[in-house]
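Chain by chain, the residues:
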Amino acid sequence: MQQALFGGGCFWCTEAVFLQLKGVTQVVSGYAGGHTTNPTYEAICNGDTNHAEVILISFDEQQINYQQLLTVFFAIHDPTTLNRQGNDIGTQYRSVIYYFDEQQKLEAEQFIEKLKAENLDIVTELSPVPTFYPAEEYHQNYFAKNPAQGYCNFAIPPKLLKLHSQFKDLLKD
């Protein structure tokens, strides 16, 4: 089992996407990259901690590899907007990849360079894995638990539609 740690805006959105991928055994929403110990959602939203909303993905490399996770990650969020995803604005929504080892770092660097070669102004931060703090329990598997919530109905379906149209071969049965 391997792990990946990505931040691509609201973790409710990214979690909902990555939970649908084959080989992904667990996705935990949380916070990383800030300066406060045991941050809370309220502190994150106030912008006081410099943490990003992230998802910790556990995956089986025999079913899905890190490169495929990167492909989905870059497809379902905007890696060209600094500290913003759609209407969500703030450092907590920044595009970030935290790598666990040199291989992940190399693959992420190469992926970013490929996108830049396509004339995309990629602002995705690439850093070693910092301390990860799981978000409060009510954030875990949020979309599945709150399908009628307004934000979920507005922000998540377009990402899921893109996932289902572009990555059918990566979806769980």
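Calculation criteria
- Residues numbered from 1 in each chain as written.
- Predicted model: local features only at pLDDT ≥ 70, side-chain atom pairs only at ≥ 80, totals over all residues.
- Heavy atoms only, no water.
- Helix = DSSP H or I, 4+ residues; strand = E, 2+ residues; numbered from the N terminus.
- Buried < 20%, exposed > 50% of the residue type's maximum accessible area, 1.4 Å probe, protein only.
- Contact = heavy atoms within 4.5 Å.
- Areas by Shrake-Rupley, 256 points an atom, 1.4 Å probe, with all protein chains shown as cover.
- Lys, Arg positive; Asp, Glu negative; His and termini not counted.
- Charge placed at Lys NZ, Arg CZ, Asp CG, Glu CD.
- Axes fitted to C-alpha atoms, helices over the stretch in contact; angles between N-to-C directions.
- Parallel < 35°, antiparallel > 145°, perpendicular 65-115°, else oblique.
- Left-handed = near helix turned anticlockwise from the far one by under 90°.
- Nonpolar A, V, L, I, M, F, W, Y, C, P; charged D, E, K, R; others polar.
- UniProt positions renumbered as here; feature names shortened; annotations may be inferred.
- 1 Å grid on protein atoms, 1.4 Å probe; cavity = no way out; pocket = protein on both sides within 12 Å on 5 of 7 lines; lining within 4 Å.
- Points joined across faces, edges and corners; volume = space filled by probe spheres on them.
- Phe/Tyr/Trp six-rings, centres within 6.5 Å; stacked < 30°, edge-to-face > 60°.
- Lys NZ or Arg CZ within 6 Å of the ring centre and 35° of its normal.

**Considerations on the overall build of the protein chain**
Item 1. For the protein chain, the count of helices and strands is six helices and eight strands.
Item 2. Along the protein chain, helices (α) and strands (β) appear in the sequence β-α-β-α-β-α-β-β-β-α-β-β-α-α when read from the amino end.
Item 3. For the protein chain, the spread of C-alpha atoms along the three principal axes comes to 35 × 35 × 30 Å.
Item 4. In the protein chain, buried positions account for 48% of the 173 residues.
Item 5. Here the contacts in the protein chain between residues at least 6 apart in sequence split such that 77% fall between residues at least 24 apart.
Item 6. Within the structure as shown, the protein chain displays about 8,300 Å² of accessible surface, and the carbon and sulfur contribution to it stands at 50%.
Item 7. Looking at charge distribution, the protein chain has the averaged site of its 11 positive side-chain charges lying 6 Å from that of its 20 negative ones.

**Some points on the packing of helix α1 (residues 11–18) against helix α3 (residues 66–76)**
Item 1. Contact geometry of α1 with α3 gives a least axis separation of 11 Å together with a crossing angle of 135°. Judged by the inter-axis angle, α1 sits oblique to α3. The element α1 and its partner α3 pack so that their crossing is right-handed. Contacts between α1 and α3 involve Thr14, Val17 and Phe18 from the former and Leu69, Val72, Phe73 and Ile76 from the latter.
Item 2. Here the contact of α1 with α3 is composed, by residue class, of six nonpolar, one polar and no charged.

**Some words on the packing of α3 against helix α4 (residues 102–117)**
Two quantities define a packed helix pair, namely the angle between the helix axes and the distance between the axes.
Item 1. Remark: α3 packs on α4, axes separated minimally by 10 Å, with the N-to-C direction vectors making an angle of 40°. In terms of orientation, α3 and α4 fall into the oblique class. Two packed elements cross with a definite hand, and for α3 against α4 that hand is right-handed. Of α4, the residues touching α3 (which contributes Tyr66, Gln67, Leu70, Thr71 and Phe74) are Gln104, Glu107, Ala108, Phe111, Ile112 and Leu115.
Item 2. Classifying every residue of the contact of α3 with α4 by side-chain character gives seven nonpolar, three polar and one charged.

**Description of the UniProt feature "active site" (unreviewed entry) in the protein chain**
Item 1. When the UniProt feature table is mapped to this numbering, "active site" (unreviewed entry) covers Cys10.
Item 2. Take Cys10: it is sitting in the loop between β1 (2–8) and α1.
Item 3. Given the relative accessible area of 7%, Cys10 is considered buried.
Item 4. Ignoring sequence-local partners within four residues, the contact set of Cys10 consists of Glu53, Asp88, Tyr93 and Tyr151.

**A closer look at the layout of surface pockets**
Item 1. Roughly 270 Å³ of internal volume is contained in the largest pocket.
Item 2. Around the largest pocket, the lining is made up of 17 residues, and of these Gln85, Gly86, Asn87, Ala155 and Lys159 lie nearest the centre.
Item 3. Elements that contribute at least two residues to the lining of the largest pocket include exactly α3 and α6 (150–166).
Item 4. With five residues, α6 is the single largest residue contributor to the lining of the largest pocket.
Item 5. Looking at side-chain class alone, the lining of the largest pocket contains seven nonpolar, six polar and four charged residues.

**So, the packing of aromatic side chains**
Item 1. What the rule picks out here adds up to nine aromatic pairs.
Item 2. Centre to centre, the rings of Phe74 and Phe111 are 5.1 Å apart; their planes meet at 10°, and the pair counts as stacked. Residue Phe74 is found in helix α3, and its partner Phe111 is found in helix α4; the two are separated by 37 residues along the sequence.
Item 3. Here the guanidinium or amino end of Lys114 rests over the ring plane of Phe111, the centre of that ring lying 4.4 Å away.

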